[in-house]
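Residues per chain, in single letters:
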Amino acid sequence: MFWENLPVQQVLAEYVAVELHYDHIRTYKSRLGFSIYVYSALQDGPHSLWLTAVYFSEQDVSLETKSYAVPSCHITGTPTGNGDVTMEKKTFDKVLLLHFVLEDKSWKREGCTCAIFVDFLKDINLISGIADDTKLGGSVDLPEAVGFCWGQYNPNTQPGRTSIVHLFEWRWADIALECERYLAPNGFGGVQVSPPNENIVITNPNRPWWERYQPISYKLCTRSGNEDEFRDMVTRCNNVGVRIYVDAVVNHMCGSGGGSGTHSTCGSYFNAGNREFPAVPYSAWDFNDGKCQTSSGEIESYNDIYQVRDCRLSGLLDLALAKDYVRTKVAEYMNHLIDIGVAGFRIDASKHMWPGDIKAFLDKLKYLNTQWFSAGTKPFIYQEVIDLGGEPIKGSEYFGNGRVTEFKYGAKLGTVIRKWNGEKMAYLKNWGEGWGFVPTDRALVFVDNHDNQRGHGAGGASILTFWDARLYKMAVGFMLAHPYGFTRVMSSYRWPRNFVNGQDKNDWVGPPSNSDGSTKSVTINADTTCGNDWVCEHRWRQIKNMVIFRNVVDGQPFSNWWDNGSNQVAFGRGGKGFIVFNNDNWNMDVTLQTGLPAGTYCDVISGQKENNHCTGKQVYVSGDGNANFQISNSAEDPFVAIHVNAKL
């Protein structure tokens, strides 16, 4: 039969990869008289795809009776059309019609991998049926063609794990332990680690946190540990299903005033004045000094995209990423980390690089290590692009490379929870794209990060942090309950704040340290909190339990919104979870439709379910799905969350 040997990758390339770029319906008549319809909607990139395809195999095909990989691999979410069933199977003699709707904004793959799905497509030969007058180009490598496998937008977490945590300035040895003893058992998907490459040692001020963002080489030795300790951490975390994401500082090297010598974390020699970094090696030819058009060599105006990307950020020596040599060195560093087993990268200072230059070094990256990841898996990429509006550089310019950090998220949510500028939680009903944020499948979201919890970076005074614990827990709870974006939880250390005229003069202070400058270990107290001035927000019961909540409700639609027109709000996630907030200055007593099955539930904010009883409040859901919620405005935590795994 003529269709038996058609190349699957060509079919996928033509029907998926190419068609995503069209915003109208095309109909192709197959040679056997069947039709294939491809529809996609274009709005700031591909978000929805409707594909009806005709499949054949040499034998009768019936997914109900033959053991293919697909029956245990469901694509779920909310399609563009009516209803929320996104895959339907129909069998007609030797013809299988497989209908599916993929909407990037909300769909999730549950219990399946790209490889399984592609194997299925190979197993039953897909007929291309392209009309003779249609020219859509040639074939593409299979992993490139599988648009619905997410590529670098997929966090590569294990199924059912939906959040990562930034263990800021932690030692590799402590992260390895934390993966095993706490993160894996509590459903955390991964850890963002501080930059693992050699950095300058700064003594004035003494060992600030930001010295980690001034590279000297790509050797793996820092105050967090050496390469052996890094490898041990990655292996141990991966072995318990917790992924590692590296903060990649590749826009620049150290500051121009860094001097010369071996004051670096591996002892490598460098000369910042001459722009010599022999441990890479980089020389003066590898920097953008000749390309920058400002007299100072610094960024002087953020309204000039050329300055922002070709000049020095705060004196940091700007790498010439237009050069293939520099791109290759960056890719070698990142590929070394991929070989070790990392799952992806935060690309620091992405706004200060041209999107095409980032793409150029990302294109040189390997697929992830098959010891822990499926063959052909791309690293997860999320780019630090501070786009609060008002500047010419937009986060959307970087969507082709991966996700972007949505800084508007924490800034706006902080303003709402603080009730500044007349904001109310009732206005959160259309939270997400409705607030002008990037599309959900391109967003990495967070309440605060290591920069803006200190007033650096973006967001200003509205940013909520562990210093504002009561409001902060509400904000993180809202983030983890709401379906928008891929969520990152912050885990901090305390430092001695010293405000002078509203400015913290100690915003530079590095991690808790011993007298010799080495980073203190993270000690664990009897009540599971941390010692040695490590804050460990991820271990706060309310936050840890909301990480679990997000895992339980994964893939469920946003539902049953309620508000009182002010700061009492509630919403559900399909039939799996429900959360209620009282951020008003008066008590709340209201009966709401939860969408949950009848029964007694443990509130996972005031306590949790243990040994089939609740350590905190109980919530009773009646047969019609209603439940009464009473929340005092003076409660320690004025919100309640329940989910089906916390049902007695």
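Quick summary incoming for the structure in this document. Please read all numbers here as calculations on a predicted model, not as lab measurements.

1. Brief notes about the overall build of the chain
And then number 1: Assigned secondary structure in the chain consists of 11 helices and 31 strands.
And then number 2: By the burial criterion, 58% of the 648 residues in the chain qualify as buried.
And then number 3: Partitioning the intrachain contacts of the chain with sequence separation of at least 6 by distance along the chain shows that 69% fall at a separation of at least 24.
And then number 4: Surface summary for the chain: the accessible area is close to 24,700 Å², and the carbon and sulfur share equals 48%.

2. So, unusual backbone geometry
And then number 1: Of note, the amide linkage connecting asparagine 204 to proline 205 takes the cis form, showing an omega dihedral of 0°.
And then number 2: Inspection of the secondary structure assignment puts proline 205 in the loop between strand E9 (190-193) and helix H5 (227-239).
And then number 3: For arginine 207, which is not a glycine, the phi torsion comes out positive at approximately 50°.
And then number 4: Here arginine 207 lies in the loop between E9 and H5.
And then number 5: Phi at asparagine 421 is positive, roughly 55°, even though this residue is not glycine.
And then number 6: Locating asparagine 421 in the fold gives a position in the loop between helix H9 (407-418) and strand E18 (443-445).

3. Some details on the state of the cysteines
And then number 1: This model, assessed by the stated rule, comprises 5 disulfides.
And then number 2: Each sulfur in the disulfide pair cysteine 179 and cysteine 237 lies 2.1 Å from the other. Handedness of the cysteine 179-cysteine 237 disulfide follows from its S-S torsion of about 90°: it is right-handed. Residue cysteine 179 is located in helix H4 (residues 172-183), and its partner cysteine 237 is located in helix H5; the two are separated by 58 residues in the primary sequence. There is no split in this pair, since cysteine 179 and cysteine 237 are both buried.

4. Considering H4
And then number 1: Taking 1.5 Å per residue, 12 residues should reach 16 Å; H4 reaches only 14 Å between its end C-alpha atoms and comes up short.
And then number 2: Listed in full, the buried residues belonging to H4 are Trp172, Asp174, Ile175, Ala176, Glu178, Cys179, Tyr182 and Leu183.

5. Some words on H5
And then number 1: Between its first and last C-alpha, H5 extends 18 Å over 13 residues, near the 18 Å set by a 1.5 Å rise per residue.
And then number 2: If you follow the buried residues of H5, they end up packed against H4, E9, strand E10 (243-248) and helix H7 (324-340).
And then number 3: For H5, the N-terminal capping position is held by asparagine 226, with its side-chain oxygen 3.1 Å away from the main-chain nitrogen of aspartate 228.
And then number 4: Within two residues after H5, glycine 241 carries a phi angle of roughly 80°, on the positive side.

6. Regarding the sheet that holds strand E22 (residues 558-563)
The strands making up a sheet associate through backbone hydrogen bonding, with each pair oriented either parallel or antiparallel.
And then number 1: Reading across from one edge, E22-E23-E24-E31 is the order of the 4 strands in this open sheet, with antiparallel pairing throughout. The open sheet has two edge strands with one neighbour each: E22 and strand E31 (639-643). Neighbouring strand axes in the sheet, compared pairwise and without regard to direction, differ in orientation by 10° on average.
And then number 2: Pairing geometry for strand E24 (residues 577-582) and E31, over 5 bridges, is antiparallel.

7. A word on the pattern of salt bridges
And then number 1: In the structure shown here, the tally under the stated rule is 28 salt bridges.
And then number 2: One salt bridge in this structure joins lysine 473 and aspartate 637, with 3.0 Å as the shortest N-O distance. In this pair, lysine 473 sits in helix H10 (residues 469-481) while aspartate 637 sits in the loop between strand E30 (626-631) and E31, placing the two residues 164 residues apart along the sequence.
And then number 3: On the basis of relative accessibility, which here comes to 9%, the residue lysine 473 falls in the buried class.
And then number 4: By relative accessible area, which is 8% here, aspartate 637 ends up buried.
And then number 5: The structure contains a network of salt bridges with shared partners spanning Glu169, Arg207, Glu211, Arg212 and Arg223.

8. Structural notes on the nonpolar core
Where a protein is soluble and globular, its nonpolar side chains tend to be buried together.
And then number 1: Within the largest apolar cluster, 137 residues are counted, with the highest numbers of intra-cluster contacts made by Ile175, Phe230 and Phe345.
And then number 2: Residue contacts for isoleucine 175: discarding those within four places in its chain leaves Leu167, Trp170, Val191, Val193, Met233, Cys237 and Ile244.

9. Concerning the side chain of aspartate 584
And then number 1: The residue aspartate 584 is located in the loop between E24 and strand E25 (588-593) in this model.
And then number 2: Lysine 419 provides the closest opposite charge to the buried, salt-bridge-free aspartate 584, at an N-O distance of 5.1 Å.
And then number 3: One polar contact links aspartate 584 to asparagine 564, side chain to side chain, over a distance of 2.9 Å.
And then number 4: A polar side-chain atom of aspartate 584 sits 3.2 Å from the main-chain amide nitrogen of asparagine 567.
And then number 5: Setting aside residues up to four positions removed in sequence, aspartate 584 forms contacts with Lys419, Asn564, Ser566, Asn567, Gln568 and Asn633.

10. Some points on the packing of H7 against helix H8 (residues 355-362)
Describing two packed helices takes the angle between their axes plus the distance from one axis to the other.
And then number 1: It is at 8 Å that the axes of H7 and H8 come closest, and there the two elements cross at 55°. For the element pair H7 / H8, the angle class is oblique. Like other packed secondary-structure pairs, H7 and H8 cross with a definite hand, here right-handed. Two secondary-structure elements touch here, H7 through Arg327, Val330, Ala331 and Met334 and H8 through Asp357, Ala360, Phe361 and Leu362.
And then number 2: Taken together, the residues that form the contact of H7 with H8 break down as 6 nonpolar, no polar and 2 charged.

How each quantity is defined
- Residues numbered from 1 in each chain as written.
- Predicted model: local features only at pLDDT ≥ 70, side-chain atom pairs only at ≥ 80, totals over all residues.
- Heavy atoms only, no water.
- Helix = DSSP H or I, 4+ residues; strand = E, 2+ residues; numbered from the N terminus.
- Buried < 20%, exposed > 50% of the residue type's maximum accessible area, 1.4 Å probe, protein only.
- Contact = heavy atoms within 4.5 Å.
- Areas by Shrake-Rupley, 256 points an atom, 1.4 Å probe, with all protein chains shown as cover.
- Disulfide = S-S within 2.5 Å.
- Expected span 1.5 Å × (residues − 1).
- Polar contact = N/O pair within 3.5 Å; in protein donor to acceptor, adjacent residues only side chain to side chain.
- Pairing = 2+ DSSP bridges.
- Axes fitted to C-alpha atoms, helices over the stretch in contact; angles between N-to-C directions.
- Salt bridge = Lys/Arg side-chain N within 4 Å of Asp/Glu carboxyl O.
- Core = buried A, V, L, I, M, F, W, Y, C linked by side-chain atoms within 4.5 Å.
- Lys, Arg positive; Asp, Glu negative; His and termini not counted.
- Parallel < 35°, antiparallel > 145°, perpendicular 65-115°, else oblique.
- Left-handed = near helix turned anticlockwise from the far one by under 90°.
- Nonpolar A, V, L, I, M, F, W, Y, C, P; charged D, E, K, R; others polar.

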